[in-house]
Amino acid sequence: TVSLGFNAMQPPYDDVEVRRAINHAIDRQQLVEVGWQGAGSHAIIPFPDFAAMKRFTDPLQDLLERFPVDAYDPERSARIMISEGFTRDSDGYWARAEERLGLSIGIGEIFNDIAPVLTAQLQRAGFDATLLMTADVGTRMSQGRSPAYLMGHPGSVRDPHFTLSFYHSRFVRPTGTHSEYFWRWRNERFDAHVDSMARLATDDPRMATQFHKAMELWLEELPSIPLVQWYHRVPYNTTYWQGWPSAEDPYTQNAFWHRTWLLVLLKLRPTGVG
C-alpha cells in the first residue's frame, strides 16, 4: 500500500483534524483511473490485499464505518479546515494567521504517475500542494524536512505486526535527524498493542484482538493516508534464461529487484537457446 505520509511532529500536520481534512479531499478512485488508466485498485488501510491478510483486515469493517477513511468529500474537508481556524486566501488556498498551509510532497520517480493527480486534487480542495523531486528527496524525507511524502509499506504479508511496527514510536526521531521509518507519530497505547503482537504467533487468537485495538487507534489518529495498492508489474523474458519466480515456483516475490535479486540470480539457468 502507498500512503501519503507526514512529519506528524510538524504543525499543522501534527493535528489529526488537518490530516483528516486532507484525506477527505482525495479521490482515490480517480488516482487509479487517471494515474494508472484504471489498471489497479485503491486502498484505505496500510495493508496489501493479500488473501492471508484478510483474516485480520476483513473484521475491520466496524472501525471503517466509525472512521470513514474512504469518503471523498471536499465539503467535509472544507468544514474541518474552517473549524481548525483556516480560511481561503486571495488565491483560494487554506491559510491561518496569514500563513498559507504549504503542502510540499516528496516523491521518488516511481510515483510519477499518481502524484500529479493527487497534487491537482489537493489544490482543487484548497491545499497549496506541490511535488518535491530533488536529488536529495530521500534524505529530506528520512529527516522529516519534507513535511509530506509518498511512501509504501514493505511489511506485512500474512502477519499484521510487521506493517504496524513501522509506526512504533521507537522510530521517532527529531526533525533533521535520520529515521528508518518516516512517520514520526507517537501513541503509547498503540505501541503497547504492537509490543503485545510481537510476542504472539500469527494464529494466536489474541493476535487478532490486539490488531483490532491497534487499528482502532491508528484509524482514529490517521498518521498516514492510504491511497493505492501498488502493483508490481514485472515482465520476464524466458527465451534465454529459466528459473524466474512464478506461481509454480514461488521461492520469492516477483519484484525481486527490491531485495532478493541475488537469490533469483542464483536460481537462473540458461535454456540453451542462442
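Above this text is the structure in question.
Note that the structure is a prediction, hence the values are computed from the model and not measured. (Residues numbered from 1 in each chain as written. Predicted model: local features only at pLDDT ≥ 70, side-chain atom pairs only at ≥ 80, totals over all residues. Heavy atoms only, no water.)

A.B. asks: What exactly am I supposed to notice about the overall build of the protein chain here?
C.D. replies: When its secondary structure is counted, the protein chain shows 11 helices and 11 strands. For the protein chain, buried positions account for 47% of its 274 residues. In the protein chain, the proportion of contacts linking residues at least 24 apart, taken out of those at least 6 apart, comes to 71%. If you sum the accessible surface of the protein chain, you get close to 13700 Å²; carbon and sulfur atoms cover 52% of it. Within the protein chain, one finds 27 positive and 33 negative side-chain charges whose respective centroids are separated by 5 Å. (Helix = DSSP H or I, 4+ residues; strand = E, 2+ residues; numbered from the N terminus. Buried < 20%, exposed > 50% of the residue type's maximum accessible area, 1.4 Å probe, protein only. Contact = heavy atoms within 4.5 Å. Areas by Shrake-Rupley, 256 points an atom, 1.4 Å probe, with all protein chains shown as cover. Lys, Arg positive; Asp, Glu negative; His and termini not counted. Charge placed at Lys NZ, Arg CZ, Asp CG, Glu CD.)

A.B. asks: Would you explain a nonpolar patch on the surface in this entry?
C.D. replies: Together, Trp261, Leu262, Leu265 and Leu266 make up an exposed nonpolar region whose accessible area comes to about 450 Å². Positionally, Leu266 belongs in helix α11 (residues 261–267). The class for Leu266 is exposed, based on a relative accessible area of 58%. (Patch = residues over 30% accessible without salt bridge, like charges linked within 9 Å, V, L, I, M, F, W, Y side chains within 5 Å. Salt bridge = Lys/Arg side-chain N within 4 Å of Asp/Glu carboxyl O.)

A.B. asks: Any chance you could explain the packing of helix α1 (residues 16–24) against helix α10 (residues 205–221) here in plain terms?
C.D. replies: What describes two packed helices is the angle between their axes and the distance between those same axes. For the pair α1 and α10, the least separation of the axes is 8 Å and the interaxial angle reads 80°. Judged by the inter-axis angle, α1 sits roughly perpendicular to α10. The segment α1 lies against α10, with Val16, Arg19 and Arg20 engaging Leu219, Glu220 and Glu221. Broken down by class, the residue content of the contact of α1 with α10 amounts to 2 nonpolar, no polar and 4 charged. (Axes fitted to C-alpha atoms, helices over the stretch in contact; angles between N-to-C directions. Parallel < 35°, antiparallel > 145°, perpendicular 65-115°, else oblique. Nonpolar A, V, L, I, M, F, W, Y, C, P; charged D, E, K, R; others polar.)

A.B. asks: Even after reading the chapter, I still don't get the pairing of strand β8 (residues 148–152), so can you show me in this structure?
C.D. replies: Regular strands place their side chains on alternate faces of the sheet. Pairing geometry for strand β1 (residues 2–6) and β8, over 5 bridges, is antiparallel. In the strand pairing of β8, Val2 is matched with Gly152. (Pairing = 2+ DSSP bridges.)

A.B. asks: Before we go on, may I ask you to explain helix α9 (residues 188–198) in this structure?
C.D. replies: Three or four residues apart is the spacing at which side chains of an α-helix point the same way, because the helix has 3.6 residues per turn. Looking at α9, one finds that the buried residues are Phe190, Asp191, His193, Val194, Ser196 and Met197. Contact partners of the buried residues in α9: α8 (161–165) and α10. Between the side-chain oxygen of the N-cap and the backbone nitrogen of Arg189 there are 3.1 Å, and the N-cap of α9 in question is Asn187. (Polar contact = N/O pair within 3.5 Å; in protein donor to acceptor, adjacent residues only side chain to side chain.)

A.B. asks: For this particular structure, what's the right way to read the sheet that holds β8?
C.D. replies: Across a sheet, paired strands are connected by hydrogen bonds in the backbone, their directions being either parallel or antiparallel. The strand order across the open sheet built from 6 strands is β2-β9-β1-β8-β6-β7, with neighbouring strands paired in mixed fashion. Among the strands making up the open sheet, the edge pair consists of β2 (41–42) and β7 (128–132). Looking at chain direction, strand β6 (residues 102–106) and β7 are connected through 5 bridges and run parallel. Directly across from Gly102, in β7, lies its bridge partner Asp128.

A.B. asks: Help me out: how do you make sense of the pattern of salt bridges in this one?
C.D. replies: Here the structure, examined in full by the defined rule, presents 8 salt bridges. With a shortest N-O distance of 2.8 Å, Asp91 and Arg100 are connected by a salt bridge. Overall, Arg100 belongs to the partly exposed group, its relative accessible area being 31%. Overlapping salt bridges bring together Asp89, Asp91, Arg100 and Asp128 as one network.

A.B. asks: When you look at the sheet that holds strand β4 (residues 94–96) in this model, what are you seeing that I'm missing?
C.D. replies: The 3 strands lie next to each other as β3-β4-β5, forming an open sheet whose pairing is antiparallel. This sheet does not close on itself; its edge strands, each paired only once, are β3 (87–88) and β5 (99–100). As paired strands, β4 and β5 are joined by 2 bridges and run antiparallel to one another. Across the sheet, Ala95 pairs through a bridge with Arg100, a residue of β5.

A.B. asks: Explain the environment of Gly106 here, please?
C.D. replies: Tracing the sequence through the fold places Gly106 in strand β6. Taking relative accessible area as the criterion, Gly106 reaches 0% and is therefore assigned buried. On a C-alpha basis, the gap between Gly106 and Met141 in space is 6.7 Å, while along the polypeptide they are 35 residues apart. Look past the residues within four positions of Gly106 in its chain and what remains in contact with it is Leu132, Val137, Met141, Ser146, Ala148, Tyr149 and Leu150.

A.B. asks: Would you take a moment to explain the packing of aromatic side chains for this structure?
C.D. replies: Two numbers describe a pair of aromatic rings. These are the distance of the centres and the angle of the planes. With the rule as written, the count across this model stands at 15 aromatic pairs. With 5.8 Å between their ring centres and 80° between their planes, Tyr149 and Phe182 make a pair best called edge-to-face. You can see Tyr149 sitting in strand β8 and its partner Phe182 sitting in the loop between α8 and α9, a full 33 residues away along the chain. We note that Tyr149, like Phe182, is buried. One aromatic cluster is present, built from ring pairs that chain together Tyr149, Tyr167, Phe182, Trp183, Trp185, Phe190 and Trp218. Cation over ring: Lys267 sits above Tyr251, and NZ or CZ is 4.6 Å from the ring centre. (Phe/Tyr/Trp six-rings, centres within 6.5 Å; stacked < 30°, edge-to-face > 60°. Lys NZ or Arg CZ within 6 Å of the ring centre and 35° of its normal.)

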